[in-house]
Amino acid sequence: MAFSYRCTVALLVLLAFSPFKRAPISITAADDSLLSVFEKWISDNGRVYGSTTEKLRRFQVFKDNYLIIQSIKNQPGLTYTVDLNAFADLTNEEFLQRYATHRTYSSSETSTDFKYGSVTSIPSSIDWRTLGAVTPIKDQGSCGSCWAFSAVATIEGINQIRTGHLISLSEQELVDCVWLCKDVSCLVFTFHMHQFYLLCLHVLSDEMELQNNPKDSVPRIYRKILFTAFKMRVDRLLHESTYNTNAIRNVRPCAFYSPTCVTTNFGCNGGWPDRSFKWVVQNGGITTEDDYPYISGTTNTSGTCASKTKNHAASITGYEHVPANSESALAKVTAYQPVSILINANSSAFMFYSGGIFTGPCGTILNHAVAVVGYSNSDGNNYWIVKNSWGTSWGESGYIRMQKDIADPRGLCGLAMYNFYPKI
């Protein structure tokens, strides 16, 4: 039940002057009117806080964000707008933790093939939404699964372009199933969390000790015994002809990681769209959203993979990387199909974007996956049409227009650095 406006004011005053307070809360004349804005925002967004203390803390965050938004609005010459949205009671760190990815993308995995390399002429603008190749905006919720939504949007797009049928596909299938690395040559081994967590820590700590200070490390024979026992258990699991879903209910990738293992993601803790493509190829396809609905946005975790019980609604034959640091190459692909792209979503301006052509500021540390579904121009300003997965209340009904053809070859927010598209 939401606290009343008068109650909130009274509690702020009491806490401000209480001799038992741990940290003073700044009470100013401006807070009184801002509290009414906060109460309306709570009502509009259906927020319920567990305690008065939590509500007051969230008000302080809301106040900080409100002031940031006002400072952005006061900047001259902006081609975009910002406003309060569903993220207004989150710090920037909390926002990124919940809605971006927990993984930093790198460009270590690339391909030399480029299907559209010989293309010399493309339309001046294209919008795959108006051409029927884009499903409605979806919402990943408080789960770092943007990678799945980005991948699915592009598979939905190319499937519609090739078949004429637009089918909403399942992000949940990817979140649940792109966990298991079945290639035993990889150093990512699956394991029962409750049985192998400590074992993994032992092996990893010994490995680190051997690398940093071999003479003082745990004896090598002890490390080899641990690792051999671990590997034997994992190999048996990986080579079972039929996976027992109950037995591997808590299977997760161990901390051993190698870039050669390209089929492993981390559910709500982040992932890579290209690994989703590889998994879909290996799986023979992906099912519909209706058949495998998305729930991780509320549970905040991945579930048990049920892919083997589902029918494939769409399939791909592979995927390719867009040549890095080339907006012209990205445009060539976008002229033929939607593209999965990686961007930097760190800035408050991006967090509170509400419309117009976004021009930054933003960095190039890639931590969010989205889908380019077109490009165009407005009053001489070129822009990309980008589909996000934060619901329709963010941006332009879930989309953002991002400045196109900037001087930096990496593109705005790094959008030209590391991108992929599926093939049929």
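Definitions and cut-offs
Residues numbered from 1 in each chain as written. Predicted model: local features only at pLDDT ≥ 70, side-chain atom pairs only at ≥ 80, totals over all residues. Heavy atoms only, no water. Disulfide = S-S within 2.5 Å. Helix = DSSP H or I, 4+ residues; strand = E, 2+ residues; numbered from the N terminus. Buried < 20%, exposed > 50% of the residue type's maximum accessible area, 1.4 Å probe, protein only. Core = buried A, V, L, I, M, F, W, Y, C linked by side-chain atoms within 4.5 Å. Contact = heavy atoms within 4.5 Å.

Observations regarding the state of the cysteines
One pass over the full model with this rule turns up 3 disulfides. Here Cys177 is linked by a disulfide to Cys305, with a sulfur-sulfur distance of 2.0 Å. Across the S-S bond linking Cys177 and Cys305, the dihedral sits near 100°, which makes this disulfide right-handed. Here Cys177 is found in helix H6 (residues 171-177), whereas its partner Cys305 is found in the loop between helix H10 (296-299) and strand E5 (318-322), with 128 residues between them in sequence. With relative accessibility at 3%, the residue Cys177 sits in the buried group. Classification of Cys305 as partly exposed rests on a relative accessible area of 29%. At a sulfur-sulfur separation of 2.0 Å, the disulfide partner of Cys362 is Cys413. With the S-S bond torsion at -95°, the cross-link from Cys362 to Cys413 turns out left-handed. Taken as a pair, Cys362 in the loop between strand E7 (353-358) and strand E8 (368-378) and Cys413 in the loop between strand E10 (399-403) and strand E11 (419-423) lie far apart in primary sequence, 51 residues in all. No disulfide involves Cys146; its nearest neighbouring cysteine sulfur is the one of Cys143, lying 9.0 Å away.

Focus on the nonpolar core
Generally speaking, nonpolar side chains in soluble globular proteins are found buried as a group. Core analysis: the largest hydrophobic core is formed by 61 residues, its most contacted members being Phe87, Phe350, Phe358, Met402 and Leu415. Looking at which element gives the most residues to this core, the answer is helix H2 (residues 29-45), with 5 residues. Contacts of Phe350, omitting those with residues within four sequence positions, involve Ile343, Ala345, Phe358, Asn388, Trp390, Trp394, Ile400 and Met402. Within the second largest apolar cluster, 30 residues are counted, among which are Leu174, Cys268, Val280 and Tyr292.

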